[in-house]
Amino acid sequence: MTDTTQFAGKTVIVTGAAGGLGRAFAEGFAARGANIVVADMNDAGSAETVALVEKIGAKAIAVTTNVTEKASTDALMDAALAAFGSIDVIINNAALYATINRAPFYELDPDEWDRVMAVNVKGAWLVSASAFPKMTQATGRIINIASATVFSGSPLWMHYVASKGAMIGMTRVMAREVGKTGVTVNAIAPGFTLTEASLSVMDDAETYGVSSRAIPRASQPGDMVGTALFLASEDASYITGQTIIVDGGKEFI
Ligand SMILES: NC(=O)c1ccc[n+]([C@@H]2O[C@H](COP(=O)([O-])OP(=O)(O)OC[C@H]3O[C@@H](n4cnc5c(N)ncnc54)[C@H](O)[C@@H]3O)[C@@H](O)[C@H]2O)c1
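Residues numbered from 1 in each chain as written. Predicted model: local features only at pLDDT ≥ 70, side-chain atom pairs only at ≥ 80, totals over all residues. Heavy atoms only, no water.

**Quick word on the pattern of salt bridges**
Now for step 1: Enumeration over the complete set of coordinates arrives at five salt bridges.
Now for step 2: For the salt bridge of E112 with R115, the shortest nitrogen-to-oxygen distance reads 2.9 Å. Here the residue E112 and the residue R115 both occupy positions in helix α4 (residues 110-131), the gap between them amounting to three residues, near one helical turn.
Now for step 3: With a closest N to O distance of 2.9 Å, D223 and R217 form a salt bridge.
Now for step 4: Relative accessible area serves as the criterion here: at 43%, R217 is assigned to the partly exposed category. (Salt bridge = Lys/Arg side-chain N within 4 Å of Asp/Glu carboxyl O. Helix = DSSP H or I, 4+ residues; strand = E, 2+ residues; numbered from the N terminus. Buried < 20%, exposed > 50% of the residue type's maximum accessible area, 1.4 Å probe, protein only.)

Structural data, given as structure tokens:
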């Protein structure tokens, strides 16, 4: 049964929560009593997420945020503190994903490479850097949303895969740098999951990769939420620097 008070009084900032996985994280923590900060550049989508969270009975604000700019990530923390008084959980979920140009590594556009790294790598760093000094030190949580493509080596996505591999490395560094405070830093590496974004990537999205999974069904955004809730919980206070692959048990090469 859902403990609707598990995260009562805690503030969870979810970047890229205007839809997709980010919205699922926002709803999952809201259902357990957390205050939610929706940080995205997509104001219309953010407003929808806020409305969904409020429907659950939790509090939420939307803060227009560009994770590639330090002034913006600093302002995000100030807005969260002003609204709710603490910063307890950061979910670094914002990324360039479905909209990126794909090509073999020998044909990738260098500007596209920089664009992806700016959001997926620098963005996660800047959000974490702005958050850490202001977050609840004894029990704070940073959760980075990486990707199982790091382990499958998905062709034509090298810039994206490299960005998510960087997140896994950053997770370990950050975990070691802040471990003494009680703040933990972990990553979730989702397999291909049905979101509006991923559905736009391929025609056979509903069945893509299903046959190579131990649990042979499509992955839904809600499938990622339990791992985030666990990593944010007191039960996970001795787990840090780790990456948990959540992909239904996919077979890798
Ligand atoms: N859907 C999948 O199959 C899948 C699989 C593995 C990992 N992931 C990861 O999960 C996360 C969410 O994926 P999704 O499918 O929900 O995609 P999505 O495109 O719906 O979510 C990404 C969000 O990030 C926001 N964003 C982009 N640039 C930003 C910026 N500069 N500042 C602030 N926000 C910005 C977008 O507006 C969007 O709402 C991403 O990190 C993605 O890489 C997704």
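Still to come is the rest of the account.
**A look at the packing of helix α1 (residues 20-30) against helix α8 (residues 222-232)**
Now for step 1: Viewed as axis vectors pointing N to C, α1 and α8 meet at an angle of 55°, and their least axial separation amounts to 9 Å. One element, α1, and the other, α8, form an angle in the oblique class. Remark: the crossing between α1 and α8 carries right-handed chirality. Together, L21, A24, F25, G28 and F29 of α1 and G222, M224, V225, A228, L229 and A232 of α8 make up the contact between the two elements.
Now for step 2: Of the residues that constitute the contact of α1 with α8, the class distribution is nine nonpolar, two polar and no charged. (Axes fitted to C-alpha atoms, helices over the stretch in contact; angles between N-to-C directions. Parallel < 35°, antiparallel > 145°, perpendicular 65-115°, else oblique. Left-handed = near helix turned anticlockwise from the far one by under 90°. Contact = heavy atoms within 4.5 Å. Nonpolar A, V, L, I, M, F, W, Y, C, P; charged D, E, K, R; others polar.)

**Overview of the nonpolar core**
Now for step 1: Membership of the largest hydrophobic core comes to 43 residues, with the highest contact counts inside it found for I13, V37, L76, M77, I87 and I90.
Now for step 2: Every element with two or more residues in this core is listed here: β2 (35-40), α3 (70-84), α4 and α6 (158-178).
Now for step 3: The element best represented in this core is α6, accounting for eight residues.
Now for step 4: Core analysis: the second largest hydrophobic core is formed by 29 residues, L21, A24, I36 and A58 among them. (Core = buried A, V, L, I, M, F, W, Y, C linked by side-chain atoms within 4.5 Å.)

**What about the site of the ligand?**
Now for step 1: For the ligand, the set of nearby residues contains 27 residues, the closest of which are D40, N93, Y160, T193 and T195.
Now for step 2: One nitrogen or oxygen atom from the side chain of Y97 is found 3.1 Å from an oxygen atom belonging to the ligand.
Now for step 3: T195 places a side-chain nitrogen or oxygen 2.7 Å from an oxygen atom of the ligand.
Now for step 4: The set of elements that each furnish at least two residues to the shell around the ligand consists of α1, α6 and α7 (196-199). (Near = heavy atom within 4 Å. Polar contact = N/O pair within 3.5 Å; in protein donor to acceptor, adjacent residues only side chain to side chain.)

Limitation: the analysis is restricted to geometry and does not speak to function.
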